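Results of the structural survey
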Amino acid sequence: IKANKDILEQRLNRTQETLARIGTVNLRSLEVYDSVKKEYDAIQERVDIISKEKEGILKIIHQIDVRKKKAFLKTLNKLNDIFSRNFSQLSTKGQVFLELENKKDPFEGGVSIIVKTGHGKYFDVKSLSGGEQTIVALSLIFAIQEYNPYYFYLLDEIDAALDKRNSGRLAELLKKYIKKGQYIVITHNDEIITNATNLYGVSMHEGVSRIISLKV
């Protein structure tokens, strides 16, 4: 070692100070390390398994979302066609259609009913009159029933806001749908009554209600 005695003594002192700061050596440190490493490896293995399972679940969720979106859009398009067709049978004033609020992600928004008049103007259904809103609502209700039919329906005075002409159109639409299901319609409208297949009325006789039926 090429150094004089003083320099070597300084280096020795610094080394001794470093060793003093390190402290005593734990002779069981390697054993403790092996134990901790074994535990760490076991945890890491479980983490890897969970991560792979998570990736698999996220993949399945994505596949379900894709199929769900595809099925939803297919249903919406089919329903839209029937909805527009029903409206054209009930009204001669323009067209109606369903429109997504969020076309990129349908499930992040709702569905709006848009009305287009013969003049090319677009309206929200809320801006229509009571009778016009009834026609739009009935067109959609019957569209849903045609797409996913049931066997029994109960309709309570659905013609209350309609005039005679629109009531006649509604009666014609009902004639089409009663061939596919059973409909009970509560009404006082002559147009609806005339086109019914069976009539049921309630009369009062000496304070007792009686049901009267008539097959048309």
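Everything numeric in this text was worked out from a predicted model, so none of it was measured.

Looking at the overall build of the protein chain
When its secondary structure is counted, the protein chain shows five helices and seven strands. Taken from N to C terminus, the helices and strands of the protein chain fall in the order α-α-β-β-β-α-β-α-β-α-β-β. For the protein chain, the C-alpha radius of gyration of 39 Å lies well beyond 17 Å, the compact-globule estimate for 216 residues. C-alpha atoms of the protein chain, sized along the principal axes, occupy 130 × 50 × 30 Å. Out of the 216 residues in the protein chain, the part that is buried amounts to 22%.

Remarks on the packing of aromatic side chains
As enumerated under the stated definition, the model contains four aromatic pairs in all. Geometrically, the ring pair formed by phenylalanine 142 and tyrosine 177 is stacked, given 4.9 Å between the ring centres and 20° between the ring planes. With phenylalanine 142 in helix H3 (residues 130-147) and tyrosine 177 in helix H4 (residues 164-177), this residue pair connects regions lying 35 residues apart in the sequence. The exposure class of phenylalanine 142 is buried, given its relative accessible area of 1%.

Quick word on the packing of helix H2 (residues 29-90) against H4
The contact between H2 and H4 brings their axes to 8 Å, and the two run at 135°. When the axes of H2 and H4 are compared, the pair comes out oblique. Taken together, the residues of H4 that come into contact with H2 (itself represented by Ile82, Arg85, Asn86, Gln89 and Leu90) are Asn166, Arg169, Leu170, Leu173, Lys176 and Tyr177. Looking at the contact of H2 with H4, its residues break down into five nonpolar, three polar and three charged.

Looking at the pattern of salt bridges
Per the stated rule, a full pass over the model turns up six salt bridges. With a shortest N-O distance of 3.7 Å, aspartate 65 and lysine 68 are connected by a salt bridge. With aspartate 65 and lysine 68 both in helix H2 and three residues apart, this pair spans about one turn of that helix. Take lysine 68: its relative accessible area is 41%, and that puts it in the partly exposed class. Its salt-bridge partner being lysine 164, residue glutamate 191 comes within 2.9 Å of it at the nearest N-O pair. Of the two residues, glutamate 191 is situated in helix H5 (residues 190-194) and lysine 164 in helix H4; the sequence distance between them amounts to 27 residues. Overall, glutamate 191 belongs to the partly exposed group, its relative accessible area being 21%. The exposure class assigned to lysine 164 is exposed, which follows from its relative accessible area of 61%.

Quick look at the side chain of asparagine 166
Of note, asparagine 166 is situated in helix H4. When neighbours within four sequence positions are excluded, asparagine 166 is seen to be in contact with Leu90 and Ile135.

As for the side chain of asparagine 189
Position of asparagine 189 among the secondary structure elements: in the loop between strand S5 (182-186) and H5. Separated by 2.7 Å, the side chains of asparagine 189 and serine 167 make a polar contact.

Definitions and cut-offs
Residues numbered from 1 in each chain as written. Predicted model: local features only at pLDDT ≥ 70, side-chain atom pairs only at ≥ 80, totals over all residues. Heavy atoms only, no water. Helix = DSSP H or I, 4+ residues; strand = E, 2+ residues; numbered from the N terminus. Rg over C-alpha atoms; globule rule 2.2 N^0.38 Å. Buried < 20%, exposed > 50% of the residue type's maximum accessible area, 1.4 Å probe, protein only. Phe/Tyr/Trp six-rings, centres within 6.5 Å; stacked < 30°, edge-to-face > 60°. Axes fitted to C-alpha atoms, helices over the stretch in contact; angles between N-to-C directions. Parallel < 35°, antiparallel > 145°, perpendicular 65-115°, else oblique. Contact = heavy atoms within 4.5 Å. Nonpolar A, V, L, I, M, F, W, Y, C, P; charged D, E, K, R; others polar. Salt bridge = Lys/Arg side-chain N within 4 Å of Asp/Glu carboxyl O. Polar contact = N/O pair within 3.5 Å; in protein donor to acceptor, adjacent residues only side chain to side chain.

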